[in-house]
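# Examination of the molecular architecture
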Amino acid sequence: MTPATAFKDMKVAVFGLGGSGLATVRSLVAGGADVTAFDDNAASVEKAKAEGLPTGDLREGDFSRFELLVLAPGVPLTHPKPHWSVELAKAAGVGVIGDIQIFCSERDTIAPDAPFVAITGTNGKSTTTALTAHVLREAGWDVQMGGNIGVPVLELAPPAPNRVHVVECSSYQIDLTMTLAPTVGVMLNLSEDHLDRHGTMDGYAGVKERLVVNAKTAVIGVDDERSAAMAKRLAIAGVEVVKISENDPLDLSGARALRGAHNVQNASAVRAVARALGLDDAAILKGFSTFPGLAHRMEEISTPGRVVFINDSKATNADSAEKALASFEKSFWILGGKPKTGGIEALVPLLGRVEKAFLVGEASEAFARTLGEHGVAHDFCGTVDKAVEAAAKAAEASADPEPVVLFSPACASFDQFRNFEERGEAFRRAVLGLQL
């Protein structure tokens, strides 16, 4: 854990008591802050109480008694409308921050030169974060990895001169961070996502840019127009910018977990990060070759048969699924869930690679119309387990020597699952339970 000593003796309100919220309260308490924590969910409050953490109803009394409100990233800051705790804080002139800001403040206080890699982008940030951490660890470095990728940043060991933090940052987290100045900042790409929380694409892109604008070295993907413009803007402003692309020359033939053009961009970003931190190319390539891949992101599920099963449950939008479809000449595609704006229209140029589609969840009817308009055979399967069974049988019957069943939903998971991890595990269980 990182005790938040920079907040010693400060009166701090914390709203949101999920995983990162609880970690935030523990960190603040350990650092000597006077904390009052709350959540709209009574069970979450009781869980914190049972752990001995300080709780109290933030709706009561004068909010100006606090010096700060720390907001969990899942709680609306501005859109579709500010949460009531944000409204109370603003009315009382109280600043609103998140857990990444606490980490940044602590780093500034105890080890301002500690190496810090912050990574964002619409797609690929988790793979890039995991690959960066893996490459550095393989080289013998003390690496702490967390943030949006799973382990709350304040559960990691504190910043230190000989310890590198590799932190994935969502747009929600960046929006709650005022002094984000990493050693290396990575902004991979931009496409439409999370507009319900940021209002417009310009608003969303502006939040993402905050991760790299004060970085010592900014690594920026330039395969989309907004990101390319960002790289140009920062270079003119005097920031050291390293441009990366899916077209960068990079031999990943020895890294099976990094198949697909999108992973060239991810790996190129990691190479730029590692070089900026002083690692040589031989060590970087060694790390690439031993990378096991990221669960639920182009993850190959090992089975004894000839069919290759790919778990890409993390593809929660069309842009992410596009990377998966483009990685295979042909595939039996399982897709669907809670649809996002635009559906799968952006994937029409790749539909010729689909042998047959297997539809699940809320998006099935809408996706079927698009598939039908472009002559793609498809079945309505309803659930992931039924889709796996149908796709596996179709793949087994094909003449392809190594047919691919690709689970890349192009949708959020919330119609049937709590998150993409739970959805990916359902796919894994279904694949391992097959009897063909």
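Check the entry above for the structure.
Residues numbered from 1 in each chain as written. Predicted model: local features only at pLDDT ≥ 70, side-chain atom pairs only at ≥ 80, totals over all residues. Heavy atoms only, no water.

### Remarks on helix α15 (residues 420-432)
The terminal C-alpha atoms of α15 lie 18 Å apart, and with 13 residues this matches the ideal 18 Å at 1.5 Å per residue to within 8%. Every buried residue of α15 is listed here: F420, R423, G424, A426, F427, R428, A430 and V431. At its buried positions, α15 is contacted by β11 (299-301), β12 (308-311), β13 (331-336), α14 (384-397) and β16 (404-407). Capping the start of α15 is the job of one residue whose side-chain oxygen sits 3.2 Å from the backbone nitrogen of E421: N419. (Helix = DSSP H or I, 4+ residues; strand = E, 2+ residues; numbered from the N terminus. Expected span 1.5 Å × (residues − 1). Buried < 20%, exposed > 50% of the residue type's maximum accessible area, 1.4 Å probe, protein only. Contact = heavy atoms within 4.5 Å. Polar contact = N/O pair within 3.5 Å; in protein donor to acceptor, adjacent residues only side chain to side chain.)

### Considering the sheet that holds strand β5 (residues 116-120)
Strand order in the open sheet formed by six strands is β6-β7-β5-β8-β9-β10, with parallel pairing between adjacent strands. Among the strands making up the open sheet, the edge pair consists of β6 (142-147) and β10 (240-244). Put simply, the sheet's adjacent strands are angled 15° from each other on average, direction ignored. Pairing of strand β8 (residues 184-187) with strand β9 (residues 217-221), which is carried by four bridges, proceeds in the parallel orientation. Each bridged residue has a counterpart across the sheet, and for M187 the counterpart in β9 is I220. In the packing of helix α9 (residues 225-236) onto the sheet, contacts are made with β8, β9 and β10, and the angle to β9 comes to roughly 155°. (Pairing = 2+ DSSP bridges. Axes fitted to C-alpha atoms, helices over the stretch in contact; angles between N-to-C directions.)

### Quick look at the environment of T217
With respect to the helices and strands, T217 occurs in strand β9. Looking at T217, the relative accessible area reads 7%, which means it is buried. Separated by 10 residues in the primary sequence, T217 and S227 have C-alpha atoms spaced 16 Å apart. Setting aside anything within four residues of it in sequence, one finds T217 in contact with T183, V184, G185, E240, V242 and A276.

### Examining the pairing of β10
Strand residues, when the strand is regular, have side chains that alternate between the two faces of the sheet. One ladder, built from five bridges, connects β9 with β10; its direction is parallel. The partner of A218 across the bridge, within β10, is V241. Viewed along the sheet, the connection from β9 through α9 into β10 turns out right-handed. (Right-handed = clockwise from strand over helix to strand, strands pointing away.)

### Brief notes about the nonpolar core
Of all hydrophobic cores here, the largest spans 61 residues; its most connected members are F7, L28 and L71. Among residues more than four places away in sequence, those in contact with F7 are L28, A33, L68, I97, I102 and S105. Counting residues in each nonpolar core, the second largest holds 32 residues, with V135, L136, A274 and F288 among its members. (Core = buried A, V, L, I, M, F, W, Y, C linked by side-chain atoms within 4.5 Å.)

### Examining the packing of α14 against α15
In contact at an axis separation of 9 Å, α14 and α15 are set at 45° when each is read in the N-to-C sense. Classified by the angle their axes make, α14 and α15 are oblique. With respect to the hand of their crossing, α14 and α15 are arranged in right-handed fashion. Across from V384, D385 and V388 in α14, the residues of α15 making contact are A426, F427, A430 and V431. For the contact of α14 with α15, the residue count by class is six nonpolar, no polar and one charged. (Parallel < 35°, antiparallel > 145°, perpendicular 65-115°, else oblique. Left-handed = near helix turned anticlockwise from the far one by under 90°. Nonpolar A, V, L, I, M, F, W, Y, C, P; charged D, E, K, R; others polar.)

### As for the packing of aromatic side chains
In total, this model carries six aromatic pairs according to the counting rule given. Both rings, one in F103 and one in F116, keep their centres 5.1 Å apart while their planes meet at 70°; by these two values the pair is edge-to-face. One end of the pair, F103, is in helix α4 (residues 99-110); the other, F116, is in strand β5, and 13 residues separate them in sequence. F103 sits in the buried class, given a relative accessible area of 1%. (Phe/Tyr/Trp six-rings, centres within 6.5 Å; stacked < 30°, edge-to-face > 60°.)

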